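Listed below, chain by chain, are the residues.
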Amino acid sequence: IDAGVFGVKAFLCDSGLNEFPNVDEHQLRTVLPLLKAAGLPLLVHAELADLDTAQPDSDQRSYGQYLASRPDAWELKAIELLIGLCRQFGTPIHIVHLATGAAIARIAAAKREGLLISVETCPHYLHFAAEQIQNGATQFKCAPPIRNQHNQIALRDALGSGFIDTIGSDHSPCPPEMKHLASGNFSRAWGGIAGLQLTLPAVWSVGQSAGWQPEQLAAWLSAAPAKLLGLDHRKGLLANGYDADIVVWDPSSSFQVDAEKLFHRHPCTPDHGEQLQGVVEQTFVRGQLVYDHGRHADQPVGKLILREVHRSVTS
C-alpha cells in the first residue's frame, strides 16, 4: 500500500500458480480494514470451491465436463460472502471476470442497498457461449468458465442495465504448448485467454445486436476503470487537463481474426477465424502516437503509474 498500488487482488480459489495462493475469509477480514483506511479496493476472483459440486475428470477432452467442474454455485457462494463482508466493513470490493448471470439479482440488490460493490465481466463471456465450444478446444479454457447462452444473455443485459460496471480483457497469455491444443486435455491446459488486442472489436461486435452505443463502451472500458482505481482525475475522459490516451477506430469496418497476425507474443486465441466489427487505426498515449495502421512506435513511451501516498497507512 505504501508503495503506491491502486488496489489489491485476491483469489478465493486455487489460482493455478503456487506463488499466488488463495485467501480465506479470516484473511479477508484481516485485510479489509487496512484497505478501507487506505481508500483502496479489493479486487477478487470470486469462486469458492465446493467439493460436493465438483465433477470427476473422467473425460478430460469434454468441455461440458470442465464447465460442470466449476459450476455457477462456486461464483454465487463467493459473491454472497463478499457482499456480506462489504456490508460489514464498508471497503470497496470489485468482483473481477463475472461469468454467471445467476449472481446479477444479488449484485443489483447490493448496489441498491448502497454497498460499495462493483463488477467486471470479460469479452469472452459476452462473445462466446458454451454451446459453441467443441470438445478438445482448450483455447477456450478460462476460469470461471465460459457458460451457456442463458448466462451470456444475462451478462449482456446486466451491462446495459448498469449492474456490471467494467469490462476487462483478463488477458492471460501462455505458450501454445501450455494450452495442450494437440491433446485437447482441459484438465492440463492453462486456464486463460489472450484477448487484450481484440477487446474493443469483440465488445463492439456484441454491441451491434445488443444496441450498445460507443459512449457505453467508453464508460465500461475507460471511464469506469479509471474511477475504480482513483485515476478519474486524469484518465478515462476526453477533456481538458486529462492525459490524451486516445484510440482512433473505424466502427463500421470488419476483419477476420488471424491469430498469426496478432501482436500477442503467442498466436493462440479462441477468436481465430471470427469476423469482428471495429478496426483500430491509431493509438495515442499521453498524446504520443504509438500505433499507426499496423505499425508501432520505435520506442515505448508508457510510464509506471503509482498512487500518491501522503502518509503511511500501515504503520
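Look above for the structure.
All values reported here derive from a predicted model rather than from experimental measurement.

Undergrad: Please explain the overall build of the chain as it appears in this structure.
TA: Within the chain, the secondary structure is distributed over 8 helices and 9 strands. For 315 residues, the compact-globule formula gives about 20 Å, and the C-alpha radius of gyration of the chain, at 20 Å, lands near that figure. Oriented by its inertia axes, the alpha-carbon framework of the chain measures out at about 55 × 50 × 35 Å. Of all 315 residues assigned to the chain, the portion counted as buried reaches 43%. Within the chain, counting contacts between residues at least 6 apart in sequence, those at least 24 apart form 71% of the total. Counting every atom, the chain has about 15,800 Å² of accessible surface; 52% of that belongs to carbon and sulfur. Here the chain holds 25 positive side-chain charges and 33 negative ones, and the gap between their average locations is 5 Å.

Undergrad: Teacher, can you tell me more about unusual backbone geometry here?
TA: Negative phi is the rule for most residues except glycine; trans is the rule for most peptide bonds. Here the residue pair alanine 143 and proline 144 is connected by a cis peptide bond, since its omega of -5° sits within 30 degrees of zero. Structurally, the position occupied by proline 144 is in the loop between helix 5 (123-127) and helix 6 (149-161). Even without a glycine there, the phi angle at arginine 286 is positive, about 50°. One can find arginine 286 in the loop between strand 7 (275-285) and strand 8 (288-292). Positive phi, close to 50°, is recorded for histidine 293, a residue that is not glycine. Tracing the sequence through the fold places histidine 293 in the loop between strand 8 and strand 9 (295-296). Overall, histidine 293 belongs to the exposed group, its relative accessible area being 54%.

Undergrad: Where do I start with the sheet that holds strand 7 in this structure?
TA: The strands making up a sheet associate through backbone hydrogen bonding, with each pair oriented either parallel or antiparallel. Strand order in the open sheet made by the 4 strands is 6-7-8-9, with antiparallel pairing throughout. Two strands in the sheet have a free side with no partner beyond their single neighbour: strand 6 (246-256) and strand 9. In this structure, strand 8 lies alongside strand 9, joined through 2 bridges in antiparallel fashion. Paired with tyrosine 291 across the bridge in strand 9 is histidine 296. Where helix 7 (residues 199-210) meets the sheet, it contacts strand 6 and strand 7, and its direction lies at approximately 135° from that of strand 7.

Undergrad: Would you mind showing me how to read the packing of helix 7 against helix 8 (residues 214-228) here?
TA: The angle between the axes and the distance between the axes are what describe a pair of packed helices. For the pair helix 7 and helix 8, the least separation of the axes is 11 Å and the interaxial angle reads 135°. Viewed along their axes, helix 7 and helix 8 adopt a mutual orientation that is oblique. In the crossing of helix 7 with helix 8, the sense of the turn from one axis to the other is right-handed. On helix 8, the residues that touch Thr199, Leu200, Val203 and Trp204 of helix 7 are Pro214, Leu217 and Leu221.

Undergrad: How should I be thinking about the nonpolar core in this particular structure?
TA: When a protein is soluble and globular, its nonpolar side chains tend to lie buried together. In this structure, Leu98, Ile117 and Ile146 are the most contacted members of the largest nonpolar core, which totals 58 residues. With residues up to four places along the chain from it excluded, the contact list for leucine 98 reads Glu75, Ile79, Ala103, Ile104, Ile107, Val119, Glu120, Thr121, Tyr125, Leu155 and Ile164.

Undergrad: Got a minute to help me understand the pattern of salt bridges in this structure?
TA: Counting across every chain of the model gives 10 salt bridges. For arginine 29, the salt bridge goes to glutamate 25, with nearest N and O atoms at 3.1 Å. Placement of the pair is arginine 29 and glutamate 25 together in helix 1 (residues 25-38), with a separation of 4 residues, close to one helical turn. With a shortest N-O distance of 2.9 Å, glutamate 75 and arginine 147 are connected by a salt bridge. Residue glutamate 75 is found in helix 3 (residues 72-89), and its partner arginine 147 is found in the loop between helix 5 and helix 6; the two are separated by 72 residues along the sequence. Here the two residues glutamate 75 and arginine 147 agree in accessibility, since each one is buried. A cluster of three or more residues bridged by salt bridges with shared partners is formed by Arg234, Lys235, Asp243 and Asp245.

Undergrad: What exactly am I supposed to notice about the side chain of histidine 264 here?
TA: Relative to the helices and strands, histidine 264 is located in the loop between strand 6 and strand 7. Judged by relative accessible area, which is 13%, histidine 264 ranks as buried. A polar contact of 3.2 Å, which involves the side chain of histidine 264, links it to the backbone nitrogen of glutamine 197. Those residues in contact with histidine 264 that sit more than four places away from it in its chain are His171, Ala194, Gly195, Leu196 and Gln197.

Analysis parameters
- Residues numbered from 1 in each chain as written.
- Predicted model: local features only at pLDDT ≥ 70, side-chain atom pairs only at ≥ 80, totals over all residues.
- Heavy atoms only, no water.
- Helix = DSSP H or I, 4+ residues; strand = E, 2+ residues; numbered from the N terminus.
- Rg over C-alpha atoms; globule rule 2.2 N^0.38 Å.
- Buried < 20%, exposed > 50% of the residue type's maximum accessible area, 1.4 Å probe, protein only.
- Contact = heavy atoms within 4.5 Å.
- Areas by Shrake-Rupley, 256 points an atom, 1.4 Å probe, with all protein chains shown as cover.
- Lys, Arg positive; Asp, Glu negative; His and termini not counted.
- Charge placed at Lys NZ, Arg CZ, Asp CG, Glu CD.
- Pairing = 2+ DSSP bridges.
- Axes fitted to C-alpha atoms, helices over the stretch in contact; angles between N-to-C directions.
- Parallel < 35°, antiparallel > 145°, perpendicular 65-115°, else oblique.
- Left-handed = near helix turned anticlockwise from the far one by under 90°.
- Core = buried A, V, L, I, M, F, W, Y, C linked by side-chain atoms within 4.5 Å.
- Salt bridge = Lys/Arg side-chain N within 4 Å of Asp/Glu carboxyl O.
- Polar contact = N/O pair within 3.5 Å; in protein donor to acceptor, adjacent residues only side chain to side chain.

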